[in-house]
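# Coordinates in review
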Amino acid sequence: MTDFHRTLLSLRVWDTTLPSFDPAGAPPEPLALFHDWFAEAVEAGQTEPHALSVATVDEDGRPDVRTVLLHDADERGWHFASHATSAKGRQLAARPEAALGFYWPARGRQVRVRGHVATGTPEESYADLHARSTGALASALVSRQSEVLDSLDTLAEASAAAWRRAEAEPDAPAPTWVLYVVEPAEVEFFQGDERRRHVRLRYRREADGWTRELLWP
């Protein structure tokens, strides 16, 4: 056994008291339950509860995944943003479907979302970016996400110039910045259990509304 493997086996999962979850009391639609679970993750002190994994598919059908931040979750769907020219932006333009994954170990919970991805209007994308920090605007103004970088010095120079512009022009546009909205077809809520009797509740959208079903862990 290698030291790495030994370390893996030594790690505990959910080293805390886990909450119970009775799916019989869950709301008829997933958004309200997501809002409740998110608020409970924040209250439990979960680090960056708004961080999520976004999975897409590239032109060769290979899956791709990265971590971004949630910008909203409302009746339209789950919102995040990126550059249209980035790898995920190009992938979503070619195949506008995505899967999202949230993990909140402080509560032993996961939420998974799958669905079609719509783009916000230019006005919505602009408003989304300018509701964020100066650093977020500076990063967006660099606007070369996923391109090959020749050196860290080049990055430092571009970043410094972008910061200067963001501070001098807080309303500066970043034309490639796009707000994406995942319109959910499926939303799954996973509640971990210390005896591995995990509770999984899946919502599936049908023509007349949402269907709820339990899944084996």
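Refer to the structure printed above.
An account of the accompanying structure is given in this report. (Residues numbered from 1 in each chain as written. Predicted model: local features only at pLDDT ≥ 70, side-chain atom pairs only at ≥ 80, totals over all residues. Heavy atoms only, no water.)

## Re a nonpolar patch on the surface
A cluster of nonpolar side chains, contributed by Phe 4, Leu 8 and Leu 11, occupies part of the molecular surface with about 350 Å² of accessible area. Along the chain, Phe 4 turns up in helix α1 (residues 3-10). Owing to a relative accessible area of 62%, Phe 4 belongs among the exposed residues under this scheme. (Patch = residues over 30% accessible without salt bridge, like charges linked within 9 Å, V, L, I, M, F, W, Y side chains within 5 Å. Areas by Shrake-Rupley, 256 points an atom, 1.4 Å probe, with all protein chains shown as cover. Salt bridge = Lys/Arg side-chain N within 4 Å of Asp/Glu carboxyl O. Helix = DSSP H or I, 4+ residues; strand = E, 2+ residues; numbered from the N terminus. Buried < 20%, exposed > 50% of the residue type's maximum accessible area, 1.4 Å probe, protein only.)

## Some points on the pattern of salt bridges
Evaluation of the coordinates by the stated rule reveals 17 salt bridges. The shortest N-O distance in the salt bridge between Asp 193 and Arg 197 comes to 3.8 Å. Asp 193 gets classed as partly exposed once you look at its relative accessible area, which sits at 22%. Looking at Arg 197, the relative accessible area reads 55%, which means it is exposed. A salt bridge links Arg 202 to Glu 213; its shortest N-O distance comes to 2.8 Å. You can see Arg 202 sitting in strand β8 (residues 199-206) and its partner Glu 213 sitting in strand β9 (residues 209-215), a full 11 residues away along the chain. The partly exposed category is assigned to Arg 202, whose relative accessible area is 23%. Salt bridges sharing partners connect three or more residues here, namely Arg 202, Arg 204, Glu 206 and Glu 213.

## Details of the packing of aromatic side chains
Applying the stated criterion to the full structure yields 12 aromatic pairs. Consider the rings of Phe 34 and Trp 78, whose centres lie 5.3 Å apart with planes at 80°: the pair is edge-to-face. Pair noted here: Phe 34 is in helix α2 (residues 30-43) and Trp 78 is in strand β4 (residues 78-83), with a separation of 44 residues, a long-range link. Residues Phe 34 and Trp 78 agree in their burial class; the two are buried. (Phe/Tyr/Trp six-rings, centres within 6.5 Å; stacked < 30°, edge-to-face > 60°.)

## Looking at the pairing of β8
One ladder, built from six bridges, connects strand β7 (residues 177-191) with β8; its direction is antiparallel. Within β8, the position partnered with Glu 188 by the bridge is Arg 202. With seven bridges joining them, β8 and β9 adopt antiparallel strand pairing. What sits directly across from Glu 206, in β9, is Gly 209. Between β8 and β9, which pair antiparallel one after the other, the connecting turn spans two residues. (Pairing = 2+ DSSP bridges.)

## Quick notes on the nonpolar core
Residues Phe 34, Trp 78 and Val 111 are the most contacted members of the largest nonpolar core, which totals 30 residues. At the level of secondary structure, the elements contributing two or more residues to this core comprise α2, β1 (51-57), β4, β5 (97-104), β6 (109-119), β7 and β8. By size, the runner-up hydrophobic cluster in this structure holds 12 residues, among which are Ala 81, Ala 138, Ala 162 and Ala 166. (Core = buried A, V, L, I, M, F, W, Y, C linked by side-chain atoms within 4.5 Å.)

## A few points about the packing of helix α5 (residues 134-142) against helix α6 (residues 152-168)
Following both chains from N to C, one finds α5 and α6 inclined at 125°, their axes separated by 8 Å at the closest point. Classified by the angle between their axes, α5 and α6 sit oblique to one another. Crossing of α5 against α6: the hand is right-handed. Contacts between α5 and α6 involve Thr 134, Gly 135, Leu 137, Ala 138, Leu 141 and Val 142 from the former and Ala 158, Ser 159, Ala 162, Trp 163, Arg 165, Ala 166 and Glu 167 from the latter. Across the contact of α5 with α6, the residue classes break down as eight nonpolar, three polar and two charged. (Axes fitted to C-alpha atoms, helices over the stretch in contact; angles between N-to-C directions. Parallel < 35°, antiparallel > 145°, perpendicular 65-115°, else oblique. Left-handed = near helix turned anticlockwise from the far one by under 90°. Contact = heavy atoms within 4.5 Å. Nonpolar A, V, L, I, M, F, W, Y, C, P; charged D, E, K, R; others polar.)

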